[in-house]
Structure formats: C-alpha cells, structure tokens
Amino acid sequence: MVRLDVRGIHHPTQVIAAMPHAEEAKPVVAGSANCLIVDDEPSVRRSLSRMLQAQGFHCLEACSGRQGLEVLDQTGEIPLIISDMRMPELDGMGFLEQVRRRFPDSSVIMLSGMSETTTAVDCLHLGAADFLLKPISLGELQARVTRALEKRALVLQNRFYQKHLEQQVQEQAQRIQELFLQGVQMLARALEAKDAYTRGHSIRVSQYAVATAARLGFAGPGLDGIRLGGELHDIGKIGTREAVLHKPSSLTPEEFQQITEHPALGERMLSPLAHESPDVLRIVRSHHERLDGRGFPDGLRGENIPIEARIVAVADSFDAMTTRRPYREARPPDDAMRELRRVAGTQLDPRAVEAFVAAHPDPSELPIPA
Ligand SMILES: [Fe+2]
C-alpha cells in the first residue's frame, strides 16, 4: 500500500483516490476496483465508500467530473459509478455524458442534493442507470445499486448471446453452402464421368476461363466466381436425355429445344448460391448467349451478356472444338484458335477471345485430353 498525494499516480497499478487535500488521500489498487465515487464533498465520498465497501465493493474516489474521467482513463471501464451533480471543473451532467460516450458499459447512478424533476429526467435520458436524492440511506443505496448492476449484467449478457448467436448462425450458413457446393461439384463430375467424350470438360473450361479472366483483370472473388461458374456451367444437363446429349447425328427441333433448357435448369438448381455468388448463376444461365443475339435462353446481345458468361463461352467453345465427340474428330488447337477469332464479334466477345489466345500462347501446354 502506497500513500499518495493529491491526484498523484505513482505506479501504473496505483491510482489516486482524487482528493482535494493531501491528508485525505488514500491508496487504491486500480485493477480490482469495481466502483467509482465522484463527489466534491469528502464526507459524502467517505460515507458512500464505507457503505459500499461493507457490501464488498472496492471503491475509487474522485472530487470532480474531470478527475473521475482521469481515473477512468487509468483504470478503464468501472462497472459502477456514483456521481454527484454539482461539482467544480466538470459537473455531473457533463461527466455523465462523457462516461456514456467513452465507457458505455459503466452503470452510472447520479446523486443530487436538490429534488429537481427535470434534472432527474435529463440524467435518465442521457443514460444514467438511476437518480438518487441526498441524504441517502444504506438500504436505499443497496437496493438501487443492486438494481443498476443487475440491469447492466443483463445488457452485457444479451449482447454476448446476440454476438455469439449471430456468429454461430453465420458459420452454419457458410457450412451449409459449402456442403451444397461440394454436392453439386460431385454431381457435375459424376455427370461427365459417365461420358468418355465430356470427361474433364468442366474442369478444363474452368481453367481456360480463369486464365482468360485473369488477363482481363479479374482477381479475388471475381476470379473465384469464374472458376466455380466454369466448373458448374453445364450442371443443368442433368435434365437432358442422354440419347439427345450423345446423339451422333444432327438434332431434331424438339431435341434442340431440350438442349436449350439446360442453362435455365442449371440456374434453378444453383439458386441457393444466388445471394453469395450471383456471378456463378449468371455464367450458368448465359454461357450459350451469342453477341449477335442468336444464342439461348434469352437471346441477349453484346454487352447485355454478362462478361463472366462471355469469357466462359470462349473457354467452352475451345474445349468443345479440341475434344473428340461421337459425331466428329477433335480439331487441333491452332485451328480451334483460328475458329475462335473467326466467330469473334458475331458469336463470341472479341476481347475475351484475344485474352484467351494471349493466355494460352503454347498449345503444347493446353490440358487437352489425348
Ligand atoms: Fe452448356
């Protein structure tokens, strides 16, 4: 225990009980204090301290609002603060305002010698936990302090539950989305694995599209969306009859109609991603649109086609041309690149085509299956 002089703070763990006279100073340990009494009357502070210490509180004292704030600056938040209204330097109202702003979780009980209703109402509006009139009895003080601290505990508890509940809900929502994604990715691979001609198509489209998009300046979440969109772009083919998908000869109008339904069906299947990954849904819906408006399902033109879908369309076309199908042989990469350039401006986006070509300068490094 160290004896301190007026306002002296002699050690980080020793904060002065702010006293107007040196002989009244007494040492306190800041770390364990749970109550601050702010009053310019030493006798009032003493008697309040005595009453509260008998209840198990460890009290700090200050003789004005300004000194009260100094004490709080040293100790950090103190759960219970009892403050007089009329004081030099900074009065009770000013002190209350500052405490509410800087230490909002402290519970402040205001004390006054005068029975002014408006002052009491003002204090409560400013966030005081209670307003008491002097002189105050031990029983009343005890009851009011208990009530103020109970209220504070409830507020803190509520906040804790709210925060942790929100976090838990967020974590679960994320996990649900991850599980959903894993499910559709597995489904996409299982769909392709059944067919020797399309095996690995989605992964390659995804790789081509990512390399192209990176050339066009995509990065971070935008690039992730293209990666996933490329992987899932044909997921809606689950609804297309296999006989149609693998038909070696040209399609009848009814069969072609069936093929044109896969983008919209894919979009519906992936609707749980609508909020988190709208770009993935745009790719799935619009990867068969053409710049000249002759694509499907919406017949969008030019820039009305989402850029992510225009990029995936280039990747999709290239992979389709460079892999063997039941009805034709694979085209060499150089030939397929020339074809991409030929249809740039009518079917495909010329910028996306050029970015694709620039991103794949060496055909021998392309992931084309043997
Ligand atoms: Fe498709």
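This text goes with the structure placed above it.
Residues numbered from 1 in each chain as written. Predicted model: local features only at pLDDT ≥ 70, side-chain atom pairs only at ≥ 80, totals over all residues. Heavy atoms only, no water.

Enquirer: Looking at this model, I keep getting lost on the packing of helix H6 (residues 201-215) against helix H7 (residues 220-232). Mind explaining?
Expert: The packing of two helices is summarised by the inter-axis angle and the distance between the axes. Here H6 crosses H7 at 155°, and the two axes come no closer than 7 Å. When the interaxial angle is binned, H6 and H7 end up roughly antiparallel. Seen from above, H6 lies across H7 with right-handed handedness. Contacts between H6 and H7 involve Ser202, Ile203, Val205, Ser206, Ala209, Val210, Ala213 and Ala214 on the former and, on the latter, Leu223, Ile226, Arg227, Gly230 and Glu231. Partitioning the contact of H6 with H7 into residue classes produces eight nonpolar, three polar and two charged. (Axes fitted to C-alpha atoms, helices over the stretch in contact; angles between N-to-C directions. Helix = DSSP H or I, 4+ residues; strand = E, 2+ residues; numbered from the N terminus. Parallel < 35°, antiparallel > 145°, perpendicular 65-115°, else oblique. Left-handed = near helix turned anticlockwise from the far one by under 90°. Contact = heavy atoms within 4.5 Å. Nonpolar A, V, L, I, M, F, W, Y, C, P; charged D, E, K, R; others polar.)

Enquirer: Teacher, can you tell me more about the coordination of the iron ion here?
Expert: Ideal geometry at a metal gives 109.5 degrees between four tetrahedral donors and either 90 or 180 degrees between six octahedral ones. Taken together, Asp234 (OD), His262 (NE2), His287 (NE2) and His288 (NE2) make up the full set of protein donors to the iron ion, lying 2.0 to 2.4 Å away. Coordination geometry of the iron ion: the four donor atoms subtend angles of 86 to 174° at the metal centre, consistent with an arrangement described as irregular. Site description for the iron ion: donor spacing in sequence, D-x27-H-x24-H-H. Within this pair, whereas histidine 262 is found in helix H10 (residues 262-269), its partner histidine 287 is found in the loop between helix H11 (278-286) and helix H12 (307-322), the two being separated by 25 residues in sequence. Both residues of the pair, histidine 262 and histidine 287, count as buried. (Donors = N, O, S within 2.8 Å, 3.2 Å for Na, K, Ca; no water. Tetrahedral: all angles 85-135°; square planar, octahedral: opposite > 155°, others 65-115°. Buried < 20%, exposed > 50% of the residue type's maximum accessible area, 1.4 Å probe, protein only.)

Enquirer: Explain the layout of surface pockets to me, please; I cannot follow it from the model alone.
Expert: Where empty space is left in the structure can be found by rolling a water-sized probe over the atoms. Its boundaries defined by the atoms lining it, the largest pocket holds a volume of some 1300 Å³. Lining the largest pocket are 48 residues, and of these Lys237, His288, Ala320, Arg325 and Tyr327 lie nearest its centre. Elements that contribute at least two residues to the lining of the largest pocket include exactly helix H5 (138-193), H6, H7, helix H8 (242-245), helix H9 (253-260), H12 and helix H13 (333-343). Looking at the lining of the largest pocket element by element, the count peaks at five residues for H12. For the lining of the largest pocket, a count of residues per class yields 20 nonpolar, 13 polar and 15 charged. (1 Å grid on protein atoms, 1.4 Å probe; cavity = no way out; pocket = protein on both sides within 12 Å on 5 of 7 lines; lining within 4 Å. Points joined across faces, edges and corners; volume = space filled by probe spheres on them.)

Enquirer: In this structure, what is going on with empty space enclosed by the protein? I would like to understand it.
Expert: Applying the stated criterion across every chain, the model contains three cavities of 30 Å³ or more. Reported here for the second largest cavity is a volume of approximately 40 Å³. For the second largest cavity, the full set of lining residues is Gln185, Ala188, Arg189, Ser202, Ile203, Glu231 and Leu232. The set of elements that each furnish at least two residues to the lining of the second largest cavity consists of H5, H6 and H7. Its residues assigned to classes, the lining of the second largest cavity comprises three nonpolar, two polar and two charged.

Enquirer: What exactly am I supposed to notice about the nonpolar core here?
Expert: Ranked by internal contacts, the top residues of the largest apolar core, which has 26 residues, are Ile226, Ile311, Val314, Phe318, Leu340, Leu348 and Phe356. The set of elements that each furnish at least two residues to this core consists of H6, H7, H12, H13 and helix H14 (350-359). If you tally residues by element for this core, the top one is H12, at seven residues. Once residues within four sequence positions are removed from consideration, phenylalanine 356 is found in contact with Tyr208, Thr212, Val314, Ala315, Phe318, Met337 and Leu340. The next biggest cluster of nonpolar side chains, apart from the first, holds 22 residues, and it includes Ala62, Leu72, Ile78 and Phe131. (Core = buried A, V, L, I, M, F, W, Y, C linked by side-chain atoms within 4.5 Å.)

Enquirer: I'm lost on the packing of aromatic side chains in this one. Help?
Expert: To describe a pair of aromatic rings, one takes the distance between the centres and the angle between the planes. Within this structure, the stated rule accounts for five aromatic pairs. Centroid distance phenylalanine 160 to tyrosine 161: 5.8 Å. Interplanar angle 65°. Geometry classified as edge-to-face. Consider the rings of phenylalanine 318 and phenylalanine 356, whose centres lie 4.8 Å apart with planes at 55°: the pair is tilted. Here phenylalanine 318, found in helix H12, pairs with phenylalanine 356, found in helix H14; they are 38 residues apart in sequence, far enough to count as distant. Residue classification places phenylalanine 318 among the buried positions, given a relative accessible area of 0%. Residue phenylalanine 356 is classed as buried on the basis of its relative accessible area of 0%. Three or more aromatic residues joined by ring pairs form one cluster here, namely Tyr208, Phe318 and Phe356. (Phe/Tyr/Trp six-rings, centres within 6.5 Å; stacked < 30°, edge-to-face > 60°.)

Enquirer: Mind showing me how you'd approach helix H3 (residues 92-102) here?
Expert: For an α-helix, the turn length of 3.6 residues means that residues three or four places apart are oriented alike. Of the positions making up H3, those classed as buried are Gly92, Met93, Gly94, Phe95, Leu96 and Val99. Those residues of H3 hidden inside the fold are in contact with strand E1 (35-38), helix H2 (65-75), strand E3 (80-84), strand E4 (107-112) and helix H4 (117-125).

Enquirer: Whenever I open this one, the sheet that holds E3 confuses me. Can you help?
Expert: Strand pairing in a sheet takes place through backbone hydrogen bonds and is either antiparallel or parallel in direction. Taking strand neighbours across the sheet as the criterion, the five strands line up as E2-E1-E3-E4-E5 in an open arrangement whose pairing is parallel. Of all strands in the sheet, those with a lone pairing partner are strand E2 (59-62) and strand E5 (130-133), marking the two edges. Ignoring which end each strand starts from, the neighbouring axes of this sheet average 20° apart. Pairing between E3 and E4: five bridges, direction parallel. Residue pairing in the sheet places aspartate 84 in a bridge with leucine 111 of E4. Lying over the sheet, H5 contacts E3, E4 and E5, oriented at roughly 170° with respect to E5. (Pairing = 2+ DSSP bridges.)

Enquirer: I tried to follow the side chain of serine 112 on my own but got confused; where do I start?
Expert: Mapped onto the elements, serine 112 comes out in strand E4. What makes serine 112 buried here is its relative accessible area of 3%. Among residues more than four places away in sequence, those in contact with serine 112 are Asp84, Met85, Phe131, Leu132, Leu133 and Lys134.

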